[in-house]
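# Summary of structural features
Here's the letter readout for the chains.
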Amino acid sequence: MNIKFTPERALIIGKTAVIADLHLGLENVMGIPRVQIDEVLERIETVSSQVDRIVIAGDLKHEFGRNLPYEWEDVKRLVSFLLRKGLDVVIVRGNHDNFLRAIVSNFGLEILDRYEIEGWTIVHGHKDCDEKRIIMGHEHPSVKIRINGLYTFHCFLRVRGDRDVVVLPAFSPLVSGSDIMSCRFISPILSDVKCEEIEVYAVDDEVTYLGTLKDLREVVKVWR
């Protein structure tokens, strides 16, 4: 089945949307006013008309060591919103999701290590996975290009080597993203990936294919 990348930073496969790395509650850690939950809900609202299920592929919340006030409030607000929309909600555990179970237990939701759909395995990406077709988050990929100024674009990545792996951009409005131009990644799933195998899809008002990461690095080298 074909997969679709959306400008809202969601992947759609069939009637399911997959998002990752919301990092709700990040404002508590940063010491700033709450700003991201409204944008998160707005983008989900845009996608929701196309699907009947949403899978959150890890890092729904941000703080490792406890549940912060914004995390309690924003996670509950998000889940309540999704359920009111009539969507099935699936939560896959990320490395930031310690103590998340206490927040979502009243909704009757489980937290899974992985979720299988249409031949794809959805994981967060902080642990290794031997499956051949993987959808993951964790990396927060972005393209940072300096040409008469610095331009940053969140991006989807797709690897079509020995395995087919899709990496989702961070859904959080506050996460600027990790520059992929070095071709170095933190997930063990991507430990042996080659630059020529990585397709880059930049997200702005639309999703634009930029070529492979190897091609993009060569172009940027010329521009510089």
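Relevant structure appears above.
Let me sum up the structure you'll find in this document. Note that the structure is a prediction, hence the values are computed from the model and not measured.

Right, let's talk about the overall build of the chain for a bit. In terms of helices and strands, the chain carries five helices and 15 strands. By the compact-globule yardstick of 17 Å for 224 residues, the chain fits well, its C-alpha radius of gyration being 17 Å. Considering only C-alpha atoms, the chain reaches an extent of 55 × 40 × 35 Å along its principal axes. Every one of the 224 residues in the chain was classed for burial, and the buried ones make up 54%. Taking the contacts inside the chain whose residues are at least 6 apart along the sequence as the reference set, 70% of them involve residues at least 24 apart. When the accessible surface of the chain is summed, it comes to about 10500 Å², and 47% of that surface belongs to carbon and sulfur atoms. Both charge centroids of the chain, one from 29 positive and one from 35 negative side chains, sit 1 Å from each other.

Glancing now at helix 3 (residues 69–84). Here helix 3 contains 16 residues, and its C-alpha end-to-end distance of 23 Å stays within 8% of the 22 Å for a straight helix at 1.5 Å per residue. Buried residues of helix 3: Tyr70, Glu71, Asp74, Val75, Leu78, Val79, Phe81 and Leu82, and no others. Down the axis of helix 3, the smallest arc covering the buried residues is 155 degrees, so these residues share one side. Buried residues along helix 3 sit against helix 1 (26–30), helix 2 (36–48), strand 4 (53–57), strand 5 (88–92) and helix 4 (100–104).

Membership of the largest hydrophobic core comes to 29 residues, with the highest contact counts inside it found for Leu22, Ile44, Leu60 and Leu78. Contributions of two or more residues to this core are made by strand 3 (16–19), helix 2, strand 4, helix 3, strand 5 and helix 4. Membership of the second largest hydrophobic core comes to 23 residues, among which are Ile134, Met136, Val143 and Ile180.

Criteria and thresholds
Residues numbered from 1 in each chain as written. Predicted model: local features only at pLDDT ≥ 70, side-chain atom pairs only at ≥ 80, totals over all residues. Heavy atoms only, no water. Helix = DSSP H or I, 4+ residues; strand = E, 2+ residues; numbered from the N terminus. Rg over C-alpha atoms; globule rule 2.2 N^0.38 Å. Buried < 20%, exposed > 50% of the residue type's maximum accessible area, 1.4 Å probe, protein only. Contact = heavy atoms within 4.5 Å. Areas by Shrake-Rupley, 256 points an atom, 1.4 Å probe, with all protein chains shown as cover. Lys, Arg positive; Asp, Glu negative; His and termini not counted. Charge placed at Lys NZ, Arg CZ, Asp CG, Glu CD. Expected span 1.5 Å × (residues − 1). Arc of directions from axis to C-beta. Core = buried A, V, L, I, M, F, W, Y, C linked by side-chain atoms within 4.5 Å.

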